[in-house]
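For reference, the chains in residue letters:
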Amino acid sequence: MSTVKEPFILPQALQDQLISAKSWVVLTGAGVSAESGVPTFRDAQEGLWAKYRPEELASAEGFARDPKMVWDWYQWRRELINKVKPNAGHHALAEIEQSADEFLLVTQNVDSLHQAAGSQKVVELHGNIYRNICTQTGRDISDEWMTQHPGSPVPSPHASAAFARPGVVWFGESLPQAAFEQAISALNRCDLMLVAGTSGLVQPAASLPQWAQQQGACVVEINPEQTPISAIADYRLAGTSAQWLPVIAKNLKGKAY
Ligand code: BV8
């Protein structure tokens, strides 16, 4: 693995690989939203939730133990995300999607910021914070119902003694099968995998870069810190996603002419 630091110039060999790549898969984590002002999971929790680890809040056990506290945590996150905008890293990924021959963005993020930046080929491995589903049946609950039943937590329309919960994948829950299969299928075909803004700690997403490399893909990591993925990456671009992704997008644009 070769590490590239400032002044954000891609090594020629990597530039050539990016330009010649036929099929891209990008895996993003909370770090890509950090420069929009969304705290990452590694960031310390604030206020009421300071004494809890995200794994304790983002779980069915956490919700069953204290539905109001967990529901309020998600409402706090939703209100925060509503106020932020996609950053240069999100926009660069939407541009790369346009330049690449084949492309899939696989995100662990639940904040819809990739879609807000114009990314279209997005797979949400861990669901979406804006969806609400029934704790008992898993069925979708409409925004209309949620608006008509403000509360913390909100009763579900689909089952008695059930509540509305965010449509995200909690710790201990399986990932949506279709999303995971779509990611694996793209990884089997890709010759370039970009991994940006993830600590590489949460499974099974964290194993995807190794899978890609075993299929022969070139793996490029973007992160200010070293992670378990750094050990298997072909290149590590030390820095933030808003610093490096626009450099990659610009380099690809050069391909068009
Ligand atoms: C499952 C939705 C099985 C909810 C999330 C093996 C060992 C031990 C435990 C397990 C194991 N295998 C599975 C598990 C359990 C668990 C797990 O992995 N636990 C971890 C803690 C060890 N996994 C699961 O439970 C998964 N389910 O395996 O099911 C199963 C099988 C059959 C039947 C039943 C069950 C489900 C995991 C999904 C959990 N849901 N999110 C919500 O949002 O509320 S995970 C959540 O945390 C995020 O989605 C994200 O995936 C994860 C945080 O990871 P990151 O995105 O990487 O963010 P993080 O803060 O960690 O790191 C940020 C990184 O960005 C850092 O590296 C930082 O340096 C960098 N950074 C900072 N700023 C920038 C930056 N990078 C670039 N630019 C910047 N500006």
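Since the structure is predicted, the reported quantities are computational estimates derived from the model, not experimental observations.

Scoring rules and cut-offs
- Residues numbered from 1 in each chain as written.
- Predicted model: local features only at pLDDT ≥ 70, side-chain atom pairs only at ≥ 80, totals over all residues.
- Heavy atoms only, no water.
- Axes fitted to C-alpha atoms, helices over the stretch in contact; angles between N-to-C directions.
- Helix = DSSP H or I, 4+ residues; strand = E, 2+ residues; numbered from the N terminus.
- Parallel < 35°, antiparallel > 145°, perpendicular 65-115°, else oblique.
- Left-handed = near helix turned anticlockwise from the far one by under 90°.
- Contact = heavy atoms within 4.5 Å.
- Domains from an automatic or database assignment.
- Buried area = accessible area lost by both parts, 1.4 Å probe.
- Salt bridge = Lys/Arg side-chain N within 4 Å of Asp/Glu carboxyl O.
- Polar contact = N/O pair within 3.5 Å; in protein donor to acceptor, adjacent residues only side chain to side chain.
- Nonpolar A, V, L, I, M, F, W, Y, C, P; charged D, E, K, R; others polar.
- Near = heavy atom within 4 Å.
- Areas by Shrake-Rupley, 256 points an atom, 1.4 Å probe, with all protein chains shown as cover.
- Pairing = 2+ DSSP bridges.
- Phe/Tyr/Trp six-rings, centres within 6.5 Å; stacked < 30°, edge-to-face > 60°.
- Buried < 20%, exposed > 50% of the residue type's maximum accessible area, 1.4 Å probe, protein only.
- Lys NZ or Arg CZ within 6 Å of the ring centre and 35° of its normal.

A. Examining the packing of helix H1 (residues 12–20) against helix H11 (residues 241–253) more closely. Close contact between H1 and H11 brings their axes to 9 Å; oriented N to C, the two are set at 65°. Looking at the two axes, H1 sits roughly perpendicular to H11. Once H1 is placed against H11, the crossing between them reads as right-handed. In this structure, H1 contributes Gln15, Leu18 and Ile19 to the contact, and H11 contributes Ile248, Asn251 and Leu252.

B. The arrangement of the domain arrangement of the protein chain in detail. Assigned domains within the protein chain: domain 1 (2–38 + 86–126 + 174–252) and domain 2 (47–83 + 132–168). Between the C-alpha centres of domain 1 and domain 2 there is a distance of 29 Å. Contacts between the two partners involve five residues from domain 1, matched on the other side by four residues from domain 2. Between domain 1 and domain 2, a total of about 380 Å² is buried, with carbon and sulfur atoms accounting for 75% of that surface. At the junction of domain 1 and domain 2, the tally comes to zero salt bridges. The interface formed by domain 1 and domain 2 includes zero residue pairs in polar contact (both at pLDDT 80 or more). Its residues assigned to classes, the side of domain 1 that touches domain 2 comprises two nonpolar, two polar and one charged.

C. Highlighting the site of the ligand. Taken together, 35 residues lie around the ligand, and Arg42, Tyr74, Val169, Gly172 and Ser199 are the ones closest in. Take Thr40: an N or O atom from its side chain is 3.4 Å from an oxygen atom of the ligand. Note that a nitrogen atom of the ligand is positioned 3.0 Å from one of the backbone N or O atoms of Ser241. Computed on the free molecule, the ligand has an accessible area of 1,500 Å², of which 74% lies beneath the protein chains in the complex. Taken together, the elements giving at least two residues each to the shell around the ligand come down to helix H2 (31–34) and helix H5 (67–83). Residues belonging to the shell around the ligand are distributed by class as follows: 15 nonpolar, 14 polar and six charged.

D. Representation of the sheet that holds strand S9 (residues 235–238) within the structure. Here seven strands make up an open sheet; going across it, the order is S1-S9-S8-S7-S2-S3-S4 and the pairing parallel. At either end of the open sheet lies a strand with only one pairing partner, and these are strand S1 (2–4) and strand S4 (122–124). Taken over all neighbouring pairs, the strand axes of this sheet differ in orientation by 20° on average, direction set aside. One ladder, built from three bridges, connects strand S3 (residues 102–107) with S4; its direction is parallel. Opposite Thr107, over in S4, you have Glu124 as the bridge partner. Most of the contacts of H1 go to S9, to which it runs at about 105°, and overall it touches strand S2 (23–28), strand S7 (192–196), strand S8 (218–223) and S9.

E. Layout of the pattern of salt bridges. Overall, the coordinates contain seven salt bridges when judged by the stated rule. With its nearest N and O atoms 3.9 Å apart, the salt bridge here joins Lys22 to Asp101. One end of the pair, Lys22, is in the loop between H1 and S2; the other, Asp101, is in the loop between helix H6 (88–99) and S3, and 79 residues separate them in sequence. With its nearest N and O atoms 3.0 Å apart, the salt bridge here joins Asp140 to Arg131.

F. Representation of the packing of aromatic side chains. Inspection of every chain in the model, using the stated rule, returns five aromatic pairs. Ring geometry for Phe63 and Trp170: centres 5.6 Å apart, planes at 35°, overall tilted. Remark: Trp170 occurs in the loop between strand S6 (164–168) and helix H9 (177–189) and Phe63 occurs in helix H4 (residues 60–65); sequence separation between them is 107 residues. Summarising the burial analysis for this pair, Phe63 and Trp170 share the class buried. On the numbers, 6.3 Å between centres and 45° between planes, the contact of Tyr74 with Trp170 is tilted. Taken together, the residues Tyr74 in helix H5 and Trp170 in the loop between S6 and H9 connect sequence positions 96 residues apart. Under the relative-accessibility criterion, Tyr74 is labelled buried at 1%. What makes Trp170 buried here is its relative accessible area of 3%. Positioned over the ring face of Trp73 is Arg77, at 4.6 Å from the centre of the ring. The ring of Trp170 carries the charged tip of Arg165 above its face, separated from the ring centre by 3.7 Å.

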